[in-house]
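Inside the fold
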Amino acid sequence: MTVTETKLPGVLILEPKVFGDSRGWFMETYIKIKTPQIDCEFVQDNHSMSAQKGTLRGIHFQSAPMVQAKLLRCVSGAIMDFAVDLRPDSSTYKQWICLELSADNKKQLFVPHGFGHAFITLTENAEVIYKTDNYYSPEHDCAISWADPELGIDWGVENPILSDKDKKAPFLKDIAPLKW
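These lines cover the structure that appears in this document, whether it is placed above or below. (Residues numbered from 1 in each chain as written. Predicted model: local features only at pLDDT ≥ 70, side-chain atom pairs only at ≥ 80, totals over all residues. Heavy atoms only, no water.)

1. Structural notes on the overall build of the protein
When you go through the protein residue by residue, the secondary structure sums to one helix and 13 strands. Starting at the N terminus and ending at the C terminus, the protein contains elements arranged as β-β-β-β-β-β-β-β-β-β-β-β-β-α. Relative to its length of 180 residues, the protein is compact, with a C-alpha radius of gyration of 16 Å against a globular reference of 16 Å. On the principal axes, the C-alpha backbone points of the protein span a range of 55 × 35 × 30 Å. Counting all 180 residues of the protein, 46% fall into the buried class. Pairs at least 24 residues apart make up 78% of the contacts formed inside the protein by residues separated by at least 6 positions. As presented, the protein carries roughly 9500 Å² of accessible surface, and 51% of it is formed by carbon and sulfur atoms. (Helix = DSSP H or I, 4+ residues; strand = E, 2+ residues; numbered from the N terminus. Rg over C-alpha atoms; globule rule 2.2 N^0.38 Å. Buried < 20%, exposed > 50% of the residue type's maximum accessible area, 1.4 Å probe, protein only. Contact = heavy atoms within 4.5 Å. Areas by Shrake-Rupley, 256 points an atom, 1.4 Å probe, with all protein chains shown as cover.)

Below, the structure written as structure tokens:
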């Protein structure tokens, strides 16, 4: 597995080795001992499906003490995946990266504590599977508006399909200072 650092410290791109033959292919998607850069214990796996192209999910995170790191991959279709640095004391605060994840390219994105996460679907019927190192906690579930001008994210679409939660999400400036 190839692990590549991004401009955001701790955010990693993982590219598994794919072994193929006439039957199809095989790959190892995560092996703790082969990825020492990921210093967490995953406790929950999640799977989402977005039926329509242009569906935006995020910018999501969980507040302390239930923060979550995530290891994400797209298993059907394609998404543009985003990690946003929400650590006020970070030199890359409010900066973001994006990476296309698809069933074809098999890349994965690791998003550590202190980051918001979002994705927009590039195809219909996009399915995303991800591991988290903490359990889902509705009381700690948070979101920041996808249209936050301080972040200036170019989603590649003007009118994304949003959940009610994401339509109502506040701007970063309107929430209490985040503690991780």
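2. Notes on the sheet that holds strand β9 (residues 96-102)
Strand order in the open sheet formed by five strands is β9-β8-β11-β6-β13, and the pairing between neighbours is antiparallel. Strand pairing shows two members of the sheet lacking a second neighbour, β9 and β13 (141-143), which therefore form its edges. Mean inter-strand twist for the sheet, computed between neighbouring axes without regard to direction, equals 30°. (Pairing = 2+ DSSP bridges. Axes fitted to C-alpha atoms, helices over the stretch in contact; angles between N-to-C directions.)

3. Considerations on the pairing of strand β10 (residues 108-111)
Regular strands show a simple pattern: their side chains alternate between the two faces of the sheet. Side-chain alternation along β10 places Q108 and F110 on one buried face and L109 and V111 on a second face that is also buried. Direction of pairing for strand β2 (residues 12-15) relative to β10: antiparallel, over a ladder of three bridges. Along β10, the bridge assignment pairs L14 with Q108.

4. A short note on the pairing of strand β1 (residues 2-5)
Both β1 and β2 contribute to a ladder of four bridges, which runs antiparallel. Note on β2: the bridge partner recorded for V3 is L14. Between β1 and β2, which pair antiparallel one after the other, the connecting turn spans six residues, and G10 there sits at a positive phi close to 95°.

5. Notes on the pattern of salt bridges
One side chain can pair with another of opposite charge once the charged atoms of both are near each other. All chains considered together, the criterion is met by eight salt bridges. Note that E28 and K34 form a salt bridge whose closest N and O atoms lie 3.5 Å from each other. (Salt bridge = Lys/Arg side-chain N within 4 Å of Asp/Glu carboxyl O.)

6. Details of the environment of K168
Along the chain, K168 turns up in helix α1 (residues 164-168). The exposed category is assigned to K168, whose relative accessible area is 70%. Residues K168 and F26, 142 residues apart in the sequence, show an inter-C-alpha distance of 41 Å.

7. Some thoughts on the environment of T123
Among the secondary structure elements, T123 is positioned in the loop between β11 (115-121) and β12 (126-132). A relative accessible area of 26% places T123 in the partly exposed class. Considered as a pair, T123 and P138 are 15 residues apart in the sequence and their alpha carbons are 29 Å apart. For T123, the contacting residues outside a window of four places in its chain are Q52, K53, G77 and A78. Separated by 3.0 Å, the side chain of T123 and the backbone nitrogen of A78 make a polar contact. (Polar contact = N/O pair within 3.5 Å; in protein donor to acceptor, adjacent residues only side chain to side chain.)

8. So, the sheet that holds β1
The antiparallel open sheet is built from six strands, whose spatial order is β1-β2-β10-β7-β12-β5. Each edge of the sheet is formed by a strand with only one pairing partner; in this case those strands are β1 and β5 (44-50). Neighbour-to-neighbour, the strand axes of the sheet open up by a mean angle of 25°, direction not taken into account.

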